Amino acid sequence: MRLRNTRPLDFGSAHVIVTGGSSGIGLATARLFAGRGAKVSLIARGRERLVEAAKELSSAARAADVADQAGLTRAIAELEEEQGQPCDVLITSAGLARPGHFLELPDEVFRQMMEVDYFGTLYAIRAVAPGMVERGHGSVVAVSSAAGLIGIFGYSAYGPAKFAVRGLMESVRAELTPHGVHVGVVFPPDVDTPQLAEENQWKPQETRVVGGTIKPLTAQKVAAAVVDGIERRRFVICPDAGTRALARFGSVLLPFLNREFDRRVNVVRRSRPAEGLRSADS
Ligand SMILES: NC(=O)c1ccc[n+]([C@@H]2O[C@H](COP(=O)([O-])OP(=O)(O)OC[C@H]3O[C@@H](n4cnc5c(N)ncnc54)[C@H](OP(=O)(O)O)[C@@H]3O)[C@@H](O)[C@H]2O)c1
């Protein structure tokens, strides 16, 4: 294998493609890159928000579903053609989260999370990685989640898809870094975006109490961590101290966290008359 030298990315002349770029973390990240002079391209399904975001950022945009490999690959090729430049930076932020009790979630939801959160990430990377390797240059950053670091009550469909993203990026890092391509994975905790608002409508009470009263981060804070992570060529990108500790010491902290989380879940269960007779660990 031929090893490449790594040269820093010049954002001012880079073509940055952001899936999920019409809202939340993706849009905030696209804004930062546009502010640094990059050519920005956005991908999402809904045309209304996409057109609005593209207008604001003077960027290119294509409507595509990341779970549709052919459609997504075509959209990326068209954006590269339109911008007159291959993709230098790929941010995969398109995703969705549907919490719920494991015993109550429809099978379809488990499949949907994998299709959008995992395969939607994989397909985008598969579309740009060969070119980046050929040019010995580029950056690929996937947005996972704190729920991709530890299993959390209520996230039995979403969490595994984000664990899969993390596993994918660990292997991809090992394989692409020697070719000069930077690979990163982001682990945001709760972030104040439309997704969180939607997710909150489905969250079991136990998931809320496990999460505690921590204030959600802003999408801007996560976006700043992403840009900084690319500049420093970091693999693990954590926008706050809590997820940084989880990413570093998760397996050591897990027994203690689980004990505390189980205690909180038991408080909720005891408050329900029908379940009050049995504790979660009995
Ligand atoms: N918000 C949080 O608390 C949080 C925490 C940890 C991780 N994350 C992760 O961060 C990423 C961004 O989430 P966000 O909070 O910024 O959500 P958001 O504001 O709802 O934005 C999601 C973006 O993804 C697009 N999208 C969703 N499904 C898609 C699909 N099948 N194909 C193409 N585009 C799709 C949406 O546009 P359309 O719906 O129009 O397609 C939108 O542009 C997600 O991967 C999410 O799981 C979020």
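I will try to describe carefully the structure that is included in this document.

## What about the nonpolar core?
If you look at the biggest cluster of nonpolar residues, it comprises 40 residues, and the most contacted ones within it are Ile43, Leu90, Val140 and Met169. Within the residue set of this core, elements represented by two or more residues are helix H3 (69-83), helix H4 (107-135), strand E5 (138-143), helix H5 (158-176), strand E6 (181-186) and helix H9 (241-270). Sort the elements by how many residues they give to this core and H4 lands first, with nine residues. Filtering out sequence-adjacent residues up to four positions away, Leu90 remains in contact with Ile17, Thr19, Ala124, Ile125, Val128, Met132, Ser139, Val140 and Val141. Judged by nonpolar contacts, the second largest core, of 33 residues, contains Ile25, Ala30, Ala54 and Val222.

## Observations concerning the side chain of Ser22
Here Ser22 lies in the loop between strand E1 (15-19) and helix H1 (24-35). Looking at Ser22, the relative accessible area reads 8%, which means it is buried. Each residue touching Ser22, except ones within four places of it in the same chain, is listed here: Leu27, Ala44, Arg49, Leu50 and Ala53.

## Thoughts on the pattern of salt bridges
Tallied over the full model, the rule gives 10 salt bridges. The shortest N-O distance in the salt bridge between Arg31 and Glu56 comes to 2.6 Å. Residue Arg31 is found in helix H1, and its partner Glu56 is found in helix H2 (residues 47-57); the two are separated by 25 residues along the sequence. The exposure class assigned to Arg31 is partly exposed, which follows from its relative accessible area of 36%. You can call Glu56 partly exposed: its relative accessible area is 45%. A salt bridge links Glu231 to Arg36; its shortest N-O distance comes to 2.4 Å. Taken as a pair, Glu231 in helix H8 (residues 219-231) and Arg36 in the loop between H1 and strand E2 (39-44) lie far apart in primary sequence, 195 residues in all. Look at the salt bridges and you will find they share partners, linking Arg62, Glu78 and Glu82 into a network.

## Quick notes on the layout of surface pockets
In this approach a probe as big as a water molecule rolls over the atoms, and the regions it shows empty are the leftover space. A volume near 420 Å³ is recorded for the second largest pocket. For the second largest pocket, the lining is made up of 20 residues, of which His101, Phe153, Gly154, Glu206 and Val265 are closest to its centre. At the level of elements, helix H7 (205-211) and H9 are the ones that each hand at least two residues to the lining of the second largest pocket. A per-element tally of the lining of the second largest pocket places H9 first, with five residues. Along the lines of polarity and charge, the residues of the lining of the second largest pocket split into eight nonpolar, six polar and six charged.

## Here's the deal with the site of the ligand
Taken together, 29 residues are adjacent to the ligand, and Ser22, Ser23, Ile25, Tyr158 and Thr193 come closest. In this structure, an oxygen atom belonging to the ligand sits 3.3 Å away from a main-chain N or O atom of Gly20. Interatomic distance of 2.7 Å between a side-chain N/O atom of Tyr158 and an oxygen atom of the ligand. Taking 880 Å² as the accessible area of the ligand by itself, protein coverage stands at 94%. Looking at the shell around the ligand, the elements that each hand over two or more residues are H1, H5 and helix H6 (194-200). By residue class, the composition of the shell around the ligand is 13 nonpolar, 11 polar and five charged.

## Focus on a positive patch on the surface
The grouping of Lys221, Arg234, Arg244 and Arg248 at the surface amounts to a positive patch. Tracing the backbone shows Lys221 in helix H8. When its relative accessible area of 44% is taken as the criterion, Lys221 is described as partly exposed.

## Overview of the sheet that holds E5
Ordered by their spatial adjacency, seven strands build an open sheet running E3-E2-E1-E4-E5-E6-E7, and the pairing between neighbours is parallel. The sheet is open, and its two borders are formed by strand E3 (60-63) and strand E7 (236-237), each paired with just one other strand. When E1 meets E2, the two strands line up parallel, connected through five bridges. Across the sheet, residue Val18 finds its bridge partner in E2, namely Leu42. Those strands touched by H1 are E1, E2 and strand E4 (89-92), and its axis lies near 165° from that of E2. Across the sheet, H3 touches E1, E2 and E3, and the angle it forms with E2 is around 160°.

Cut-off values and rules
Residues numbered from 1 in each chain as written. Predicted model: local features only at pLDDT ≥ 70, side-chain atom pairs only at ≥ 80, totals over all residues. Heavy atoms only, no water. Core = buried A, V, L, I, M, F, W, Y, C linked by side-chain atoms within 4.5 Å. Buried < 20%, exposed > 50% of the residue type's maximum accessible area, 1.4 Å probe, protein only. Helix = DSSP H or I, 4+ residues; strand = E, 2+ residues; numbered from the N terminus. Contact = heavy atoms within 4.5 Å. Salt bridge = Lys/Arg side-chain N within 4 Å of Asp/Glu carboxyl O. 1 Å grid on protein atoms, 1.4 Å probe; cavity = no way out; pocket = protein on both sides within 12 Å on 5 of 7 lines; lining within 4 Å. Points joined across faces, edges and corners; volume = space filled by probe spheres on them. Nonpolar A, V, L, I, M, F, W, Y, C, P; charged D, E, K, R; others polar. Near = heavy atom within 4 Å. Polar contact = N/O pair within 3.5 Å; in protein donor to acceptor, adjacent residues only side chain to side chain. Areas by Shrake-Rupley, 256 points an atom, 1.4 Å probe, with all protein chains shown as cover. Patch = residues over 30% accessible without salt bridge, like charges linked within 9 Å, V, L, I, M, F, W, Y side chains within 5 Å. Lys, Arg positive; Asp, Glu negative; His and termini not counted. Charge placed at Lys NZ, Arg CZ, Asp CG, Glu CD. Pairing = 2+ DSSP bridges. Axes fitted to C-alpha atoms, helices over the stretch in contact; angles between N-to-C directions.

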